[in-house]
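# Examination of the molecular architecture
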Amino acid sequence: FAVRHVEGHMQLTAKHSGMCLSEVNDPADGKNKAVQVACSAGQSTHWKSVGSTLVNRVSGRCLDVPDLSMTQVQLITYSCNNGNNQNWSIAAGVN
């Protein structure tokens, strides 16, 4: 991801697609899933680093790896709970 600072928050842009990390509610299961959308999609593409968590500007929910999965999984947003599955780091200058 590339990081762009906007209005005191971050937009996380996938380098392969040029799209931004956002979240969308899936009515089939009621979960908020992390997805890629156009970076112009609004404040749902804005995240704030709070400690080691990434908090979505609109929902206030944290980026989360469900069930601490160690395999390929659909990322979600979930109520912030300081769990290890909500810990993220952003390294400057890493490609």
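To continue, consider the overall build of the protein chain. Tallying secondary structure elements over the protein chain gives 0 helices and 8 strands in all. Counting from the amino terminus, the protein chain carries its helices and strands in the arrangement β-β-β-β-β-β-β-β. At 13 Å, the protein chain has a C-alpha radius of gyration in line with the 12 Å of a compact globule built from 95 residues. If you line up the protein chain on its principal axes, its C-alpha atoms span 30 × 25 × 25 Å. A buried classification covers 33% of the 95 residues belonging to the protein chain. Put simply, the protein chain shows about 5900 Å² of open surface, and 53% of that area lies on carbon and sulfur atoms. Computed over 7 positive and 6 negative side-chain charges, the separation of the two mean positions in the protein chain equals 8 Å.

Attention now goes to the nonpolar core. Residues M10, L12, L21, A34, W47, L54 and L63 constitute the largest nonpolar core, which totals 7 residues. Beyond its immediate sequence surroundings of up to four residues, L21 is in contact with F1, L12, A34, V35, S44, T45, W47 and L63.

Throughout the structure, instances matching the rule amount to 2 disulfides. Each disulfide pairs two cysteine sulfurs, and for C20 the partner residue is C39, the sulfurs being separated by 2.1 Å. Note on the C20 and C39 pair: the S-S dihedral is about 95°, so by sign convention the disulfide is right-handed. Taken together, the positions of C20 in strand β3 (residues 20-26) and C39 in the loop between β4 (31-37) and β5 (47-50) put the pair 19 residues apart, joining distant regions of the chain.

For the rest of this paragraph, the subject is the side chain of Q11. Mapped onto the secondary structure, Q11 falls in strand β2 (residues 9-13). Polar side-chain contacts of Q11 include one of 2.5 Å to the side chain of R4. Excluding residues within four positions of it along the chain, Q11 makes contact with A2, V3, R4, V6, C20, C39, T45 and H46.

We now examine the environment of N56. Take N56: it is sitting in strand β6 (residues 53-56). Sequence separation between N56 and M10 is 46 residues, and the spatial gap between their C-alpha atoms is 9.6 Å. Of note is the side chain of N56, whose polar atom sits 2.8 Å from the backbone oxygen of S44. Here S59 takes part through its backbone nitrogen, which lies 3.1 Å from a polar atom of the side chain of N56.

Rules behind the numbers
- Residues numbered from 1 in each chain as written.
- Predicted model: local features only at pLDDT ≥ 70, side-chain atom pairs only at ≥ 80, totals over all residues.
- Heavy atoms only, no water.
- Helix = DSSP H or I, 4+ residues; strand = E, 2+ residues; numbered from the N terminus.
- Rg over C-alpha atoms; globule rule 2.2 N^0.38 Å.
- Buried < 20%, exposed > 50% of the residue type's maximum accessible area, 1.4 Å probe, protein only.
- Areas by Shrake-Rupley, 256 points an atom, 1.4 Å probe, with all protein chains shown as cover.
- Lys, Arg positive; Asp, Glu negative; His and termini not counted.
- Charge placed at Lys NZ, Arg CZ, Asp CG, Glu CD.
- Core = buried A, V, L, I, M, F, W, Y, C linked by side-chain atoms within 4.5 Å.
- Contact = heavy atoms within 4.5 Å.
- Disulfide = S-S within 2.5 Å.
- Polar contact = N/O pair within 3.5 Å; in protein donor to acceptor, adjacent residues only side chain to side chain.

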